[in-house]
Amino acid sequence: MRFNYILLSLLFFLNSCNYLPFRNKEAKKELDTIVNYSRVDESPAFQNCKQLLGKERADCFRQELQKEIVNVLNVVDFMTDEDIDEEVNVYLVVSKTGKVELKKIEASTLVLEKLPVLDSLLKASIKQLPNLDPALKRGIPVAVQYKLPIKIQVEDQQ
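These figures come from a predicted structure and were not determined experimentally.

Peer 1: Is there a simple way to think about the packing of aromatic side chains in this case?
Peer 2: Aromatic ring pairs are defined here through the distance separating the ring centres and the angle between the ring planes. Inspection of the entire model under this criterion finds two aromatic pairs. An angle of 50 degrees between the planes, with centres 5.0 Å apart, marks the rings of F61 and Y146 as tilted. With F61 in helix α3 (residues 54-75) and Y146 in strand β5 (residues 144-154), this pair connects stretches of sequence that are 85 residues apart. Neither residue differs from the other here; F61 and Y146 are each classed as buried.

Peer 1: What am I meant to see in the nonpolar core here?
Peer 2: The tendency in soluble globular proteins is for nonpolar side chains to be buried side by side. By size, the foremost hydrophobic cluster in this structure holds 30 residues, and its most contacted members are L65, I69, L73, L115, L118, I150 and I152. With six residues, the top contributor of residues to this core is β5. If we ignore the near neighbours within four places in the chain, the residues touching I152 are L73, I84, D85, E86, V88, L115 and L118.

Peer 1: Can you walk me through the environment of K123 in this structure?
Peer 2: In this fold, K123 is placed in helix α5 (residues 118-127). On the basis of relative accessibility, which here comes to 45%, the residue K123 falls in the partly exposed class. With 54 residues separating them in the primary sequence, K123 and I69 have C-alpha atoms 9.5 Å apart.

Peer 1: Got a minute to help me understand the side chain of S95 in this structure?
Peer 2: The topology assignment puts S95 in the loop between β1 (84-94) and β2 (100-106). With residues up to four places along the chain from it excluded, the contact list for S95 reads P134, V142 and A143.

Peer 1: Looking at this structure, how should I read the pattern of salt bridges?
Peer 2: If the charged atoms of two oppositely charged side chains come close together, the side chains can form a pair. What the rule picks out here adds up to eight salt bridges. Between K137 and D41 there is a salt bridge, and its shortest N-O distance comes to 3.8 Å. Of this pair, K137 sits in strand β3 (residues 135-137) while D41 sits in the loop between α2 (21-27) and α3; the two residues are 96 residues apart in sequence, bridging distant segments of the chain. In this structure K137 comes out as buried when scored by relative accessible area, which is 15%. For D41, a relative accessible area of 42% translates into the label partly exposed. Here K114 makes a salt bridge to E82, at a shortest N to O gap of 3.6 Å. Here the residue K114 occupies a position in helix α4 (residues 109-114), and E82 occupies one in the loop between α3 and β1, the gap between them amounting to 32 residues. Here E82 falls in the partly exposed class, since its relative accessible area comes to 35%.

Peer 1: What is the right way to read the sheet that holds β1 from this model?
Peer 2: Strand pairing in a sheet is mediated by backbone hydrogen bonds. Such pairs are either parallel or antiparallel. Pairing is antiparallel across the open sheet formed by three strands, whose spatial order is β2-β1-β5. Only two strands of the sheet have a single partner each, and these edge strands are β2 and β5. The sheet shows a mean angle of 30 degrees between the axes of neighbouring strands, direction not considered. Bridge count between β1 and β2: six bridges; the pairing is antiparallel. By the bridge assignment for β2, V90 is matched with I105.

Rules behind the numbers
- Sequence positions are assigned chain by chain, starting from 1 and proceeding in written order.
- Whole-chain, interface and lining totals are the exception, using all residues; otherwise, since this is a predicted model, local features are given only for residues with pLDDT of at least 70 and side-chain atom pairs are given and counted only at 80 or more.
- Side-chain numbers come from the whole structure's heavy atoms, not from hydrogens or water.
- Here a pair means two rings of Phe, Tyr or Trp (six-membered ring of Trp) with centres within 6.5 Å. Their orientation is stacked below 30 degrees between planes, edge-to-face above 60, and tilted elsewhere.
- For the purposes of this entry, the term helix denotes a DSSP run of H or I that reaches at least four residues, the term strand denotes a run of E that reaches at least two, and both are numbered from the N terminus.
- In this scheme, a residue with accessible area under 20% of its type's maximum is buried, one over 50% is exposed, and one in between is partly exposed, where area comes from a 1.4 Å probe on protein chains only.
- Definition used in this section: a nonpolar core is a set of buried Ala, Val, Leu, Ile, Met, Phe, Trp, Tyr and Cys residues joined via side-chain atoms within 4.5 Å.
- By definition, residues are in contact when any of their heavy atoms lie within 4.5 Å.
- In what follows, salt bridge is the name for a side-chain nitrogen of Lys or Arg lying within 4 Å of a carboxyl oxygen of Asp or Glu.
- Only when DSSP finds a minimum of two bridges between them are two strands counted as paired.
- Interaxial angle, 0 to 180 degrees, is taken between N-to-C directions of lines fitted to C-alpha atoms, where a helix line uses only the stretch in contact.

What follows is the structure, given as structure tokens:
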């Protein structure tokens, strides 16, 4: 009986070592492994957006990107035999080095039919963009994809 009591005490003591302070130090060294890969901490930035943070930086990036692309499109005088008032979605990837690449253009068949040079103009405008500061996730540069809507309005030229 005494032996059972000693054995039980010994097992209890060995099991309770997990609750001693020197063992808890290891438990505190856990890494934060939950990472939301669909969001970045800081969006890519043009030169004049670098000083901004958070939502302001993201808004500045989108506005500057849209302005750069629209400036190229405004140089061309599109001629059509139909009114066009549609939105074209441009999918871009900003690499972790800050290079902007065109992934795809989503447009209606009417836009593609009536404005066949639109895709080449968009490609050219993307190539003219400067390298950007890349997006950051936990301080590490990462690639991100953006969907940029562009409003196309062309009046009938007849």
